[in-house]
Amino acid sequence: MTALDTLMRVRGRVVPGDGRGRVLGFPTANLQLARHEVPHDGVYVAVATVDGYDGEFEATVSVGTNPTFGGERAPRVEVYLHDVTIDLYGRMMTVELLDLLRSTVAFGNVDELIAQTERDVEASRGVHAARRAR
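Notes on the structure in this doc start here. Because the structure is predicted, anything quoted here is derived from the model rather than measured.

Quick notes on the rules
Residues numbered from 1 in each chain as written. Predicted model: local features only at pLDDT ≥ 70, side-chain atom pairs only at ≥ 80, totals over all residues. Heavy atoms only, no water. Pairing = 2+ DSSP bridges. Helix = DSSP H or I, 4+ residues; strand = E, 2+ residues; numbered from the N terminus. Salt bridge = Lys/Arg side-chain N within 4 Å of Asp/Glu carboxyl O. Buried < 20%, exposed > 50% of the residue type's maximum accessible area, 1.4 Å probe, protein only. 1 Å grid on protein atoms, 1.4 Å probe; cavity = no way out; pocket = protein on both sides within 12 Å on 5 of 7 lines; lining within 4 Å. Points joined across faces, edges and corners; volume = space filled by probe spheres on them. Nonpolar A, V, L, I, M, F, W, Y, C, P; charged D, E, K, R; others polar. Core = buried A, V, L, I, M, F, W, Y, C linked by side-chain atoms within 4.5 Å. Contact = heavy atoms within 4.5 Å. Axes fitted to C-alpha atoms, helices over the stretch in contact; angles between N-to-C directions.

**Quick notes on the pairing of strand E2 (residues 29-32)**
Summarising the sheet, strand E1 (residues 8-15) and E2 pair through 3 bridges and their orientation is antiparallel. Across the sheet, Val14 pairs through a bridge with Leu31, a residue of E2. In the sheet, E2 pairs with strand E5 (residues 76-81) via 3 bridges, with the strands oriented antiparallel. Bridge pairing links Asn30 to Glu78 in E5.

**Observations regarding the pattern of salt bridges**
Inspection of the entire model under this criterion finds 6 salt bridges. Residues Glu96 and Arg9 are paired through a salt bridge, measuring 3.3 Å at the closest nitrogen-oxygen approach. Remark: Arg9 occurs in strand E1 and Glu96 occurs in strand E6 (residues 92-102); sequence separation between them is 87 residues. The exposure class assigned to Arg9 is exposed, which follows from its relative accessible area of 53%.

**Digging into empty space enclosed by the protein**
Inspection of the entire model under this criterion finds 1 cavity of 30 Å³ or more. Taken as a whole, the largest cavity spans an internal volume of roughly 540 Å³. For the largest cavity, the lining is made up of 31 residues, of which Thr28, Ser62, Asn66, Glu78 and Thr117 are closest to its centre. Elements supplying a minimum of two residues to the lining of the largest cavity: helix H1 (20-24), strand E4 (57-64), E5 and helix H2 (110-133). Of the residues assigned to the lining of the largest cavity, the class counts are 13 nonpolar, 11 polar and 7 charged.

**Thoughts on the nonpolar core**
Within the largest apolar cluster, 20 residues are counted, with the highest numbers of intra-cluster contacts made by Leu31, Val61, Val79, Leu81, Met93 and Val95. Secondary-structure elements contributing two or more residues to this core are E1, E2, strand E3 (42-50), E4, E5 and E6. With residues up to four places along the chain from it excluded, the contact list for Met93 reads Val10, Arg11, Gly12, Val14, Ala29, Leu31, Ala48, Thr49, Val50, Val79, Leu81 and Leu88. Val43, Val45, Val47 and Leu98 belong to the second-largest nonpolar core, a separate cluster that totals 6 residues.

**Considerations on the sheet that holds E2**
Ordered in space as E1-E2-E5-E4-E3-E6, the 6 strands form a closed barrel in which the pairing is antiparallel. Between one strand axis and the next, the sheet turns by 45° as a mean value, whatever way the strands run.

**Digging into the layout of surface pockets**
Looking at the largest pocket, its volume works out to about 300 Å³. Looking at the largest pocket, it is lined by 15 residues, and the ones nearest its centre are Arg22, Pro27, Val84, Ile86 and Leu88. The element that contributes the greatest number of residues to the lining of the largest pocket is E5, accounting for 3 residues. Its residues placed into classes, the lining of the largest pocket shows 10 nonpolar, 2 polar and 3 charged. The volume enclosed by the second largest pocket comes to roughly 200 Å³.

That's the geometry; what it means functionally is another story.
Here's what the structure looks like:
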């Protein structure tokens, strides 16, 4: 798999989410976007820039309604920055979706979700490594 040109670019403020990503080992920045700006559901390879920080961050992004946890909720854009621990709340973030890894699905349990997320992040890292090697 190789990274494509930008599929979509979104920009929004980082707002608190459910805090579930941190508990699962993948803390995410939840972007506040207008409903019409939310990309199609899926897990993406992405790069992000954050106001107040220099450079570009490699990321894996989940877009969807978190179907594993059920309930009616609006689609969310959750950005996992690779190997970065910074306070993002309230900052503006721009995210460029580069490649779709897979569709959003409901998992039978949290352990299945964590295992798939680990595979997603590893695949995303591979795409980023290939991108850097170009």
